[in-house]
Every structure is written in C-alpha cells, then in structure tokens.
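# An overview of the molecular structure
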Amino acid sequence: MSRGNTCITRTMKSYQKLTQPSACRLEEEGAAPAPTSHGKLAPCWVGSGLLVAAVLLSAVTVWVLQQVSVGWPRPTVPPKCLLVPESHRFDCYPERHVVVTQQLCESRGCCFIESPPPAGGKRGVPWCFYPPDFPSYTLESLNQTALGMVGLLVRREKAYYPRDIEVLRLDVEFETDTRLHIKITDAANPRYEVPLEVPRAMKKAENPIYSLDFSWDPFGVVLRRRATGMVLLNTTVAPLIFADQFLQISTSLPSKFLYGLGEHRGPLLHSMDWSTLTLWARDVSPTESFNLYGAHPFYLLMEEGGDAHGVFLLNSNAMEVALQPAPGLTWRTIGGVLDFYIFLGPDPNMVIQQYQQVIGFPAMPPFWALGFHLCRWGYGSSNETWQTVRAMRNYQIPQDAQWNDIDYMDGYRDFTFDSQKFASLPSLVEDLHKHGQHYVMILDPGISSTNPNGSYWPFDEGLRRGLFLNTTQGQTLIGQVWPGFTAFADFSNPDTHQWWLENLQRFHAHVPFDGLWIDMNEPSNFMDGSEEGCPPGELDSPPYTPAVLGDSLSAKTVCASAKQKASVHYNLHNLYGLMEAKATASALIQIRGKRPFVISRSTFSSQGRYSGHWLGDNRSQWKDMYYSIPGLLSFSLFGIPLVGADICGFSGSTSEELCTRWMQLGAFYPFARNHNTQNEKAQDPTVFSPAARTAMKDVLLTRYSLLPFLYTLFHRAHLQGDTVARPLFFEFPQDVTTLGLDRQFLWGRSLLVTPVLDPGVDSVTGYVPRGTWYDFYTGSSMNSSGEMVKMSAPLDHLNLHIREGAILPTQKPGTTSEATRRNPLCLIVALSSSDTAWGDLFWDDGESLDTFEQGSYSYVVFNVTQNVFTSTILHASAEATEVTIGTLSILGVQEPPSKVLLNGQEKPFSYLDNQVLTVSDLGLSLNQGFSVQWL
C-alpha cells in the first residue's frame, strides 16, 4: 500500500497540511495498515508557523521587558511554554483548593506562568498547563474492521495519576452517514461500562458526511464535516490521559456556541470563559455553577453557517467538562471508559433526533399529563387538598391532576398515608376520578429502617430479599432522609423492581393513584455517606475529585463505595434516578395497564423513555422564572420533552404579579405544575384577586385549547425525537441573533412564546425572526425582517405568535383534558407569503399503551395551496369518529372572498378587516377528508 493511502499523519509538515483538502484522510474506504514511521508530531495548538513565530517574538520581548522592570524574580520560562497562547492553555493542575506552585506544576512536567486572577473569584487562565511536547499515547497499529477500525494506543511515559493504563484499545465505527462511534478502553482488562442499551450498527456507513484523520504521535483524532471542511474535533490539542481513576481528553471546537451538558442553572448558551461544568447528581436548590440533580454528558454545538453537531460521552462516573476561550473543551471523568458518539446533523433538530436514536425516544405521555397540575407541600390534610380542588372547580379553572407531597404519609414513610389527617384520601381520589381528574403522589427511595420488626413490610421485605445498598462490609447502608434513618433501595437489582411493584400494588388497592412523582433520587441523604461516614479508600477518596458541591463524592448522598447489584455506587450514582424511573414506569404499566406518568428529579441520558422531569426546588423570584426557560430548553436537547419548573416558585412567598406572569409562562411549559412549599402563603389560582385569577384562568384555557397541537408534538417526539419546546435557533440556525436567545421559545416549529420576565412592566421586547407572524388571539399579521419588537403586555396578556405556513389544530377548551377532548376542533391556518400552509394532528384514546405501534390512532394532514384547504386522512381509528371539526380560521387572506365552498357546496363565512377568513359550523367528523375553497 502506498504511503498516500495510509491513514496516519507522520510529520509536522504533513500534519500542518491537515487543514488542506489534500490531507491524508482515513475515510470509510481503504485498508488501514499499521504505520511504520515514528516521527514526532507537535500538536496543532502550536499554531501556524509564521504567525506563531511573530506572536512568540513579541511575547518574548514583552516578557523580557517585564522581567527586567521587576528585577528577574524567578527562573526563565522555557520558550516552548511561551508558544502557547493563553486561550489555548489546557489545565495540567485542575485540582481545587490547592495553591498551584511552580514546584507542584513542574513536578507534573508542565509549564508554569502566573497570570492575573479574574475578578469575583472565578477561575481564569490556568497557571499550570501542558507544554507542546507533553508525553501522550502513540497510535501503534490500526487495522480495518467490518464497521471501521481497531487500533492500539501505547503510553511509554507514565502520567501523574496512579495506575496509568499503558495500552489502550481504540474502536472506531462508522455507524451511519451521520453518526460516528469512537471508543477508547483498556486493551487488557474489562472496565465498568454504562448498562445502557444502544443500537448496534450492522454495516459500515456508505456515504458519511464526515471524514476522520488520525495523528500518530501524539495520538489524536481530527474530525471534519465534508461539505464545509470544518474541523469539528481535534484531540491533539492536549494529551490523552487514561488512568484507572482519571480519564481526560481535550479538543478544539469550531465555535463558541455550545449548549447542553446538564444539569446546571444558567443561560442556555454556555460561557467559554474558563467555566467548568460538573456532572454528579446532587440534591441542592438550583444555583448557578453547582452540579444539580441530573447528569447529561451531551453537548450540541452550532457551527458557523448554521450547521450543527453533537457529542455524547456515554459515561456515568463523576465528571467535569472544562470550557475555555480557544474555544476548547476538556472531558475529565474518574472511571469507566471513553465512549463517544458524534452526531453530524447537519441541522440542530437532526442532531437531537440522532442523539435519541442512540439513547431511545421519549415515551408517549397520557393526554391528561398535558393538562394543568396542582400541588403543594403543606396542605396538611386530605380535606384541605380537596377544598383546593373544589375551589378550582368552583371558579371553572382548568385542572387535570391534584398532587400531594410527603405530608400525606404516616411519619414520612413510603407506601403509607396518615390515617388521621389524610383519612379521606381514598374518597378524594375517587372524587377526582368521577370528575375526569387524576391523582399523583410523591415517593422517595429512602425506606424507613427504625420501625419495630414486622411492623413495616417495605423495609422488612426489602431486608429479607437483600434489596438495599450495602456498605463495603456487606451491612445495609443506613442514611437519613425524611422519615429518619433509612435504607436505600438498589434499583440496579431486577429483584428490587419486583419488590417496588408489590409495594405499589398494595398501596394502590387503598389509594388508586394515577401517576408517581419520584423525588430525592440522586439519592439524597441528610448525612454525608452514612451514619458511620464512609470507609477510607480510593472510591470515597479518589486520586482526583471533580469540582462537586461539598468537595466530596459522598456530600449529601451515600458513600461511593456502597455496594449495589450491578457495580459499586461510584459507578452507578448518576444512574440512580434513571433506574428508579424505569422500575416505577414498569410498575405503573402493570398496575394500571395504561401509559405511565412519572416525574423524576434525578435524570440521566435515556430518561425520557420512562419519565418527565421538573427543574427542582426553585424559588419565588423573577430570576428563577427566567432560568426555567433555559432549563426546559436544555432538557429538550436531552430527550426529555415532558419538563417544567414549579410555577410561581417552590420556596419563598410569591407575589400576585410574579405568580400571574409565571402562570402565563408556565401554561407553556410542556409539563405545567404549580407547586409550593409548606409555611408559605398559598399560590394556587383561586387565592388571588379576581383580576389575577381571571388572567390565570384565561391562559390555562389557552393552553387547553392548544392540547391537540401539543399532543401531536409529543407524538412526533415519541416517534422520531423532535423537540416540543424548542429554542429559536433550531428553526433559524443561520440567524446568528437567535443563538443566544433564551427568554423566548417555540412550541414545535410554529408557535412563538414571548413571556414577561420582569416586574412592573406592561410591555415586553422580543425577537421576531424573519417572516410573517400572526397574533394568536386576533390573527393580525406582523412582517419582520428579523428584529427586536416591543409588544404590549398588560398583566392579563401573554404574547403568542403563529409562524407563517403553519396549521394549528386547536379545540374548544374545557376544565379538564377529558372534557376538552369531546369538544369540536378549530383549525387555525397561518398562510405563508406564497399562500401555502401545512399542519398535522395525531389522535388516539389518550391513555392506552403503544397506540401508534398497534395502529390504534388517527393521523390527519392539513394542507393549503392555491386557496384550497384540504384535510387528508392518512390513518384512521374509531376514536376520531367522536371528534368533530367545527371551525376553520384562515389568517392572511389578502382579498375578501366572494364565496366559500365546502366539498364544492357554498358555505357561509365571515371576513374581517385584519384578513381573517372564518368558516364556522362545519360539523365534520375528524375521520372525513374534506376540502374548503375560497374564491
């Protein structure tokens, strides 16, 4: 094989040519012989020769002058260290709470240059960073396989963490034309891997839209997008480190527009200014810069020109991701393997679909789950809970589900209810069901361990079957949660799922709940580790601890050394909520025989298959309301579309103005629940002034009118991984203004929500992307060139706009989703500038399992072209015969029609000055195709 066909870059000269089209490529074709030459290669961050030389010359000059002026206080910095621009300095000493000295740094073989610390105690340019020649792995061999390649990586000089793994196996699989899989693991010994079912490719991609090059020494991969030549990943920028409990790989990035990497509180768009994002599930009220309840090691990056790609690291160990202005990114994890999936899009919607093709598409929620939910901690009794439900009915405010927090329990013990204060709970649930409403209750994974033997079946039976987390000594690990001392269910054990089911069955026989809210499942612990602390050792005190809140893996959770059926907790911690959600969804299916409804606090990649998520214990503050938007949009990226925040805030007391504005925003959370803590004033809609109460009721009625549209969006999420709540840049990826927008969002492609997020205002300024947009309430049109628009927003008004070219199926709203489903449909057509429009509707019974998979559904497509609206039935079922289409409203009809024909017959119509044509009293079955023409 000639050198031109090999896949290894061997010299500095040919490596520099990697940016040229003639670079040596390893693509999907051609053999991959083992390389023979052993040329050293300086990483690409050395930069382009002449430019770097000039920068170096000026930098050295400035530095020398500085040293002369202060009298040469320290040894000369090696010139190779000055070569590295500040923004490209990859941290060689990321340990927190250590004053990094020159001696400490150089003991690791790294460069040391002090730079001024940034204001506000933030991390800035690392003082200790890798030199260009820091030893890394060498790619020793590379052979072709049926799906890609397999190679060996060898490290000849140890790095500075214990138990370096000297020989690694590299697997590269070209799984699809838009998905690449790169895995690096120990070549000799098995390591822990996340027990997630992922698709197995059966053949190599034939026409990948990416190309892959390899650097030989140091080892690195360079991934490009073929259409543009854009370098998406280049891991030669810093050394690969792969020790038993410290795995690190860095890459350059093609832009600074990076999203994802949850769960964190902050803007949707991450800052590349030396920020570190830690992934380790933790019970803490959402606070900026803290690791929060869930772990989602996935990012989406927008490239120049509007293309997008995503990267998923399938690893569940404690992890941090460091971002820097180069722009560059470093993954650091303390266990498992480096198992990367890269998704090439090329547009952001496709990236998220491709991610979910690996982790699994979200479950289809029951229809009622999309209604309004009401909860608080501190109702105090089932009668007080019932009074709230009755008050909501009395004011005819929509409500689908009533919830209870832990105060319904007897002594905060799972699977019990307080026989005094909540004696009427079974009757309350019966009453809810009679009114077409549903009941949801909270459950925690900590099981009370201090009851007299034989008096509390969940603990006694769990202990008998060995279903709890154990200490390293094999004893039940005891922590402390709401009921006092507790044991923690081990959901990595299939037998625990059966025990969980049996407990739920026994409780359901008394209180026939419809959905479950699983909380405290990080798992949360009021102690650090256990009642006995944690044992010494490298699981609880690893060589490197990521930047976790509390500086310890066991802070407010169980010991990392705790034993579980599948592995140690050190490996499984971030999966605890996922495994509990899986057990809970499965139990609900077996108990009710219908679609499960589960809301979980802790989440991991693939959680959408089993549950939704709420954003945790927020506060009744304006900034918390704003932060809920980037929160829900991030979870859309993570494949968990059923997401929302506690409307009006959980802790603290809300104000009438804040709660009104929050109810308006919250009515457009995919999962809409108002929730409140104990000992604060009530915040359900019934307790406010008539004006505020009416504003809240009106916006809920608007939500309920849009349930057919919202339900169809969830169908598309379930079927192919579309997002429900969507950032504006997903629909306008080439409009750079949208890349940082997180105070507005879309439902699907076509409904723009612009909430008020500030106190004391009667207007809101929002971005309106290029095109024609129609006011949802009046149908009046607005033409935008892509600009900020000031909109009137009195306290009783939420700005909603429909995008041109959309057809929204809506329904006359009732006070429950069940009542709404029986009402006639109204189809809203928003004509495009070319007088076309498209929309669709998915309809089934709203609760049965696998209706799409079993064909028990109707699917209708709506279309407008040349002044003709058509409704086409692509799939029909019995449920749709009960639904009628009552009204057709067409927005943007330029001229008043002389007549309107329904299936060729004249029909009365109305036409308003703002160009809205309405045809009423259609009385058509949803299962009938029809056409409406206006002349």
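Everything quoted here is computed from the prediction, not taken from an experiment. (Residues numbered from 1 in each chain as written. Predicted model: local features only at pLDDT ≥ 70, side-chain atom pairs only at ≥ 80, totals over all residues. Heavy atoms only, no water.)

## Things to note about the overall build of the chain
Counting its regular elements, the chain contains 18 helices and 51 strands. Radius of gyration (C-alpha) of the chain: 29 Å, near the 30 Å computed for a compact globule of 935 residues. Based on the C-alpha atoms only, the size of the chain along its principal axes is roughly 85 × 75 × 60 Å. Every one of the 935 residues in the chain was classed for burial, and the buried ones make up 62%. In the chain, of all internal contacts separated by at least 6 residues, the share reaching a separation of at least 24 is 71%. (Helix = DSSP H or I, 4+ residues; strand = E, 2+ residues; numbered from the N terminus. Rg over C-alpha atoms; globule rule 2.2 N^0.38 Å. Buried < 20%, exposed > 50% of the residue type's maximum accessible area, 1.4 Å probe, protein only. Contact = heavy atoms within 4.5 Å.)

## Overview of the packing of aromatic side chains
The final tally for this structure, using the stated rule, is 49 aromatic pairs. With a centroid separation of 6.0 Å and 85° between ring planes, the pair formed by Trp403 and Phe597 is classed as edge-to-face. Placement of the pair is Trp403 in strand β21 (residues 401-404) and Phe597 in the loop between α11 (576-592) and β27 (598-600), with a sequence separation of 194 residues. Residue classification places Phe597 among the buried positions, given a relative accessible area of 1%. Taken together, Phe415, Phe459, Phe468, Phe491, Trp499, Trp500 and Tyr576 form an aromatic cluster joined through their ring pairs. Geometry around Trp614 places Arg673 over its ring, the cationic atom sitting 5.3 Å from the centre. Stacked on the ring of Tyr395, the Lys or Arg Arg693 has its end atom at 3.9 Å from the ring centre. (Phe/Tyr/Trp six-rings, centres within 6.5 Å; stacked < 30°, edge-to-face > 60°. Lys NZ or Arg CZ within 6 Å of the ring centre and 35° of its normal.)

## A closer look at the pairing of strand β19 (residues 338-343)
In terms of residue burial, β19 counts as a mostly covered element, since 6 of its 6 residues are buried. Here β19 shows no split at all, with Leu338, Phe340 and Ile342 on one side and Asp339, Tyr341 and Phe343 on the other all buried. Two strands pair when backbone bridges link them, and strand β7 (residues 179-186) and β19 are joined in this way by 6 bridges, in the antiparallel orientation. When the sheet's bridge partners are listed, Ile184 is paired in β19 with Leu338. (Pairing = 2+ DSSP bridges.)

## Some words on the sheet that holds strand β36 (residues 771-775)
Each strand in a sheet pairs with its neighbour through backbone hydrogen bonds, running either in the same direction (parallel) or in the opposite one (antiparallel). Strand order in the open sheet made by the 6 strands is β32-β33-β34-β39-β36-β37, with antiparallel pairing throughout. If you trace the sheet from one side to the other, it starts and ends with β32 (725-726) and β37 (781-784), each paired once. Two strands pair when backbone bridges link them, and strand β34 (residues 751-754) and strand β39 (residues 799-803) are joined in this way by 4 bridges, in the antiparallel orientation. Within β39, the residue paired with Thr754 across the bridge is Asn799.

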